[in-house]
Amino acid sequence: MKKVLAAVTVSLLAASAAAQSKQLEIFSWWAGDEGPALEALVKLYKAKYPSVDVQNATVTGGSGVNARAVLKTRMLGGDPPDSFQVHAGQELTGTWVAAGRMDDLSALYKEQGWSKVFPKGLMDLISTNGKPWVVPVNVHRSNVMWYNPAKLREWGITPPKTWDQFFTVCKTLQAKGVTPLVVGENWTQQHLWESVALGTLGPADYNNLWNRKLKFNSPKAIKVWENFGKVLNCTNKDASGLSWQQAVDRVVDGEAAFNIMGDWAAGYLSTTKGLEAGTGFGYVPSPGTGGSFIMLADAFGLPKGVKNRTEVLNWLRLLGSKAGQDAFNPLKGSISARNDSDLSKYSKYSQSAAKDFRTNKIVGSLVHGAAANETFMSNFATVMEIYLSTKSASKAANAAEAIATQSNLGK
Amino acid sequence: MANAKQPILKNTPTPKAASKKPLDADRIVAALLLIPSIILVGIFVYGFIGQTMYTSLTDWGQNPAQALALNPELKYIGFQNYADLFTGLLDSRFRQDLVSTLFFTLFFIVGSLGLGLVLAVMLDQNPKGESFFRTLFLFPMSLSFIVTGTIWRWLLQPEGGFNQLLGTKFQWLNSREQVFQFNWQDIPFYTALVVSLVFFWIAFQAFQNKKTNRLIVAAASGLVLLLWGIIFGRNAEWVYPIPETHGFNLAFIGIIIAAVWQMAGYTMALYLAGIRGVPEDLREAARVDGCTEIQIYQKVIFPLLTPITLSAIIILGHISLKIFDLVFAMAGADNATTDVPALLMYLTSFRSNQFAKGAAISMVLLVMVAAVIVPYLYTSLRKDRR
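This structure is a prediction, so every number in the text was calculated from the model and none was measured.

Peer 1: Would you mind going over the nonpolar core with me for this structure?
Peer 2: Buried together is how nonpolar side chains tend to be arranged in soluble globular proteins. Within the largest apolar cluster, 82 residues are counted, with the highest numbers of intra-cluster contacts made by Trp146(A), Trp315(A) and Leu316(A). A per-element tally of this core places helix α14 (residues 309-320) of chain A first, with 6 residues. Counting the residues that make up this core, at least three belong to each of domain 1 (23-139 + 296-358) and domain 2 (141-294 + 367-407) of chain A. For Leu316(A), the residues in contact, after removing those within four places along its chain, are Ser83(A), Leu105(A), Leu108(A), Trp114(A), Val135(A), Phe300(A), Gly301(A) and Leu302(A). Counting residues in each nonpolar core, the second largest holds 73 residues, with Phe103(B), Ile255(B), Ile256(B) and Tyr271(B) among its members.

Written as structure tokens, this is what we have:
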């Protein structure tokens, strides 16, 4: 109710402001540590179009959990934001495009020649029937394991390459009273799950889960839950109380050895914590996922029926441009979605990620909207709860299979 | 909130002549002033309840492509959503939430009433600085649940204030332990037990009033029901195929503490008003009869507080059944160990896009709250008419 009221107030304010000048409302969940990156984009936009009043409608909450709910009330209430952040992939195509709520961007892509600069894998992800729906701003990697190199030397261990190696390291660390792997609140546990799934199944079978060629309750997929359970035994007990930043902090402070988080953690570590990549913090692909790249991308689109169409198109042009991407991504800790980005502007970590992006096998992230539609994504939290409360791999696997069928996954 | 104090005023005479007055300008003006709000309430409360009820009987959201369409095609599917909620394999979280709400309501009401009564009795002793303490105890009520929740979340952090102070390592908001567990398959048995107890109570009353026919019928129905419950109601696989245990999540303790902290001042104010309303003559008379101060409370004051307790239970009861903001602020929306139906409704509707199922959950919530409020409204309206 409060959210609806807030949305109504915002829209009333917006309506009164529109009478005075041209304006653009940007709806995202980039707050806090990710805020400066968005600010850089807005600054570029303002420099080009000084007469436009840019409104930053940010709804806080990691991974957009709250923003998506607010967005829904606004879209259903007939008050779409001019341009909203969305995860490229199934979250967009399976939800908003399927519902007929987005405008097709083919003309814009043709005008800017973007289909040549964005890699084909990415184009496939953001298009249906050859029509692109959004402009991707960045590419993130989800399967990265972070650590503190100085502390690892002190404990005499090296980053494990497979989950089996990890379990050995886990025993060593637990004997020393160190948390081997720190996890945070609910969605970061699901984030960990996708790394375990890829590390257990390999990229081919991982993809088969999402296109339904591999059933969730097949023995292979049940193995994922069994491994996940073993991994959880190596984690901290107060997970649900920690944000992802607090979880990363434990690695920095040396209370925990590893954390598996997307590479926005690199932005946090270098921008907020002021650490140097390679020496201040270390990174490797999460166990068993070397050579694979779990991808997610943030993107903006053009909802049908917005008030400021020209301004939105200008905003999208800026997002897709080399200058826009290279202003945004170094601050966000992500890499550019374009092939021709100026790598010298990027951090040491991002340069290595960009190299991996061009050579590795690319798969989509579950929890960040690339692999499955919103209904499955959201209900996967229930599957996770079933596992956490019963510790039964087969029960969780059966529940996941039931939800996959119910939500038309892979169609 | 005004309702809460009504029982105190139950002896005020109501004017009886009102309905016999002729139609005059005053009454026309009154009617004109009332009509807009009646229409608005009719549309925005009852109309929307009807809309929600209808939505809950459709399949809105089952097909992701239709869920957010501009003009979604809704299909009428009857009570399927409700059947899923209470028996479906994937909706065990809803059933756990129901159990959690019942436990939460119980402990929250008992805690608030108990603490409120103790504080009121203490303030009734006319301590020094009474008005200061009154303000102090009533103060938490002026905060919103969001603020209370945020403060208590900090205090109850695993490494936070409470644990430091007590030297404990309890996971206040994320413990996964459960107590008072029971099997969801036994629900028919418990239902039969409760209903048969009601029958036995009717039989007992009939016995006291010497009404033999009613006694026999009521006792027999109660016995039959109880027998049926014991034979068919336990481990009822026709309700739910897989054993499913639910219980009281220990993670709720922290939330109950915060909620009691917030509302105990309110019950204290109610009780204090009630205690102060007891005429001094009655206390004097009791003292003359040789009562000790404790006996005066036991035998004179507490019985007079029953109507206050009842209205406090109603107010606290409906707050706790529909609680959302406190839990959201303290434990977040995602933790199933501290989930309540209102939160699940939010997640189901606005994250999974399953609007019909979300509507069904809201209807269940509405029925639960109505079950608390309607009997109260009924009795208080009847009293007014008398």
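Peer 1: I tried to follow helix α13 (residues 264-272) of chain A on my own but got confused; where do I start?
Peer 2: For an α-helix, 3.6 residues make a turn, and residues three or four places apart therefore share a direction. For α13(A), the full list of buried residues reads Trp264(A), Ala265(A), Ala266(A), Gly267(A), Tyr268(A) and Leu269(A). Remark: Gly274(A) follows α13(A) within two positions and exhibits a positive phi of approximately 65 degrees.

Peer 1: Explanation requested: the packing of aromatic side chains in the structure shown.
Peer 2: A ring pair, where both rings are aromatic, is described by two values, the distance of the centres and the angle of the planes. Tallying each qualifying case throughout the model produces 57 aromatic pairs over all chains. Judged by centre distance (6.2 Å) and plane angle (50 degrees), the rings of Phe281(A) and Tyr283(A) are tilted. The exposure class assigned to Phe281(A) is buried, which follows from its relative accessible area of 3%. In this structure an aromatic cluster arises from ring pairing among Trp193(A), Tyr206(A), Trp210(A), Phe216(A), Trp225(A), Phe228(A), Phe376(A), Phe380(A) and Tyr387(A). Seen from the ring of Phe189(B), Arg234(B) lies directly overhead, with NZ or CZ sitting 4.3 Å from the centre.

Peer 1: Explain the domain arrangement of chain B here, please?
Peer 2: A common way to report how large an interface is uses the accessible area buried once the components associate. Residue and element names in this part refer to chain B. What the domain assignment reports for chain B is domain 1 (82-177 + 255-384) and domain 2 (181-249). Between the C-alpha centres of domain 1 and domain 2 the distance comes to 28 Å. In terms of surface lost to domain 2, no three residues of domain 1 exceed Arg95, Gln96 and Val99, which account for 37% of the buried area on that side. On the surface where domain 1 and domain 2 come into contact, there are 1 salt bridge. Here Arg95 makes a salt bridge to Glu244, at a shortest N to O gap of 2.7 Å. At the surface where domain 1 touches domain 2, the tally comes to 5 residue pairs in polar contact (both at pLDDT 80 or more). For the side of domain 1 that touches domain 2, the secondary-structure elements that each account for two or more residues are α3 (80-87) and α4 (92-124).

Peer 1: Looking at this structure, I do not really get the interface of chain A and chain B. What am I missing?
Peer 2: Tallying the contact residues gives 35 residues for chain A and 28 residues for chain B. In total, chain A and chain B occlude about 2900 Å² of area from one another, counting both sides; carbon and sulfur atoms represent 51% of this. Between Glu385(A) and Arg176(B) there is a salt bridge, and its shortest N-O distance comes to 3.2 Å. Linking chain A with chain B are 9 residue pairs in polar contact (both at pLDDT 80 or more). Every element with two or more residues in the side of chain A that touches chain B is listed here: α1 (2-18), α3 (65-76), α4 (90-97), α17 (374-390) and α18 (393-406) of chain A. The biggest single contributor to the side of chain A that touches chain B is α17(A), with 8 residues.

Calculation notes
Counting restarts for each chain: residues are numbered from 1 in the order of the written sequence. To label them, take the chains in the order written and letter them from A, then take the ligands in the order written and number them from 1. In keeping with the predicted nature of the model, local features appear solely for residues at pLDDT of at least 70, side-chain atom pairs appear and are counted solely at 80 or more, and the whole-chain, interface and lining totals rest on all residues. With hydrogens and water stripped out, all remaining heavy atoms of the structure feed into the side-chain values. In this text, buried Ala, Val, Leu, Ile, Met, Phe, Trp, Tyr and Cys residues form a nonpolar core when linked through side-chain atoms within 4.5 Å. Three exposure classes are used, based on accessible area relative to the maximum for each residue type with a 1.4 Å probe and protein chains only: buried under 20%, partly exposed in between, and exposed over 50%. Helix and strand labels come from DSSP, where a helix needs a run of H or I of at least four residues and a strand needs a run of E of at least two; each type is numbered from the N terminus. Where each domain begins and ends is defined by an automated method or by a domain database. Here a residue-residue contact requires only that any non-hydrogen atoms of the pair lie within 4.5 Å. Classification of ring pairs uses Phe, Tyr and Trp, with its six-membered ring standing for Trp, and accepts pairs whose centres are within 6.5 Å; under 30 degrees between planes counts as stacked, over 60 as edge-to-face, and the remaining range as tilted. Charge over a ring is defined by NZ of Lys or CZ of Arg lying within 6 Å of the ring centre and within 35 degrees of the ring normal. Two parts placed together each lose some accessible area under a 1.4 Å probe, and adding up what both lose gives the buried area. By definition here, a salt bridge exists when the distance from a side-chain nitrogen of Lys or Arg to a carboxyl oxygen of Asp or Glu is within 4 Å. Here a polar contact means two N or O atoms within 3.5 Å. Within protein one must be a hydrogen donor candidate and the other an acceptor candidate, and residues neighboring in sequence count only if both atoms are side-chain atoms.

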